[in-house]
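Single-letter residue listing:
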Amino acid sequence: MPLVTTPNLSAPDDFYEALIDAHKDLPIEESHALNARLILLLANHIGAIDVLREALEAARQHPTDR
């Protein structure tokens, strides 16, 4: 299964709002920890190491490099 990099969220604005709300009033360290936990939860949901590696590589690239 290849990594999906085209828009694929059914409600992107709602997700963005929920993400921002989840970070509201958190100190920076706790905000980073929340991001780490979220990444691990989503990585577990994806499960496929090849997709996860592709996502890591895509995330390291500058947006203009894609």
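Just above, that's the structure.
Residues numbered from 1 in each chain as written. Predicted model: local features only at pLDDT ≥ 70, side-chain atom pairs only at ≥ 80, totals over all residues. Heavy atoms only, no water.

What about the overall build of the chain?
Okay, step 1: Counting its regular elements, the chain contains three helices and zero strands.
Okay, step 2: When the backbone C-alpha atoms are referred to their principal axes, the chain occupies close to 35 × 25 × 25 Å.
Okay, step 3: The buried share among the 66 residues of the chain stands at 11%.
Okay, step 4: As presented, the chain carries roughly 5900 Å² of accessible surface, and 60% of it is formed by carbon and sulfur atoms.
Okay, step 5: Each charge sign in the chain was given a centre, from 5 positive and 11 negative side chains, and these centres are 7 Å apart. (Helix = DSSP H or I, 4+ residues; strand = E, 2+ residues; numbered from the N terminus. Buried < 20%, exposed > 50% of the residue type's maximum accessible area, 1.4 Å probe, protein only. Areas by Shrake-Rupley, 256 points an atom, 1.4 Å probe, with all protein chains shown as cover. Lys, Arg positive; Asp, Glu negative; His and termini not counted. Charge placed at Lys NZ, Arg CZ, Asp CG, Glu CD.)

Some remarks on the layout of surface pockets
Okay, step 1: Approximately 870 Å³ is the volume found for the largest pocket.
Okay, step 2: Listed by contribution, the elements that provide at least two residues to the lining of the largest pocket are α1 (12-23), α2 (28-46) and α3 (49-60).
Okay, step 3: In terms of residue class, the lining of the largest pocket is built from 18 nonpolar, two polar and one charged. (1 Å grid on protein atoms, 1.4 Å probe; cavity = no way out; pocket = protein on both sides within 12 Å on 5 of 7 lines; lining within 4 Å. Points joined across faces, edges and corners; volume = space filled by probe spheres on them. Nonpolar A, V, L, I, M, F, W, Y, C, P; charged D, E, K, R; others polar.)

What about the pattern of salt bridges?
Okay, step 1: Summed over all chains, the structure comprises one salt bridge.
Okay, step 2: Residue K24 is joined to D21 by a salt bridge in which the shortest nitrogen-to-oxygen separation is 3.9 Å. (Salt bridge = Lys/Arg side-chain N within 4 Å of Asp/Glu carboxyl O.)

Concerning the environment of D21
Okay, step 1: With respect to the helices and strands, the residue D21 is situated in helix α1.
Okay, step 2: Along the sequence, D21 and R60 sit 39 residues apart, while their C-alpha atoms lie 26 Å from each other.

Some remarks on the packing of α1 against α2
Okay, step 1: Remark: α1 packs on α2, axes separated minimally by 9 Å, with the N-to-C direction vectors making an angle of 135°. With respect to α2, the axis of α1 lies oblique. Of the residues in α2, those touching α1 at L19, A22 and H23 are S31, L34, N35 and L38.
Okay, step 2: When its residues are assigned to classes, the contact of α1 with α2 shows four nonpolar, three polar and no charged. (Axes fitted to C-alpha atoms, helices over the stretch in contact; angles between N-to-C directions. Parallel < 35°, antiparallel > 145°, perpendicular 65-115°, else oblique. Contact = heavy atoms within 4.5 Å.)

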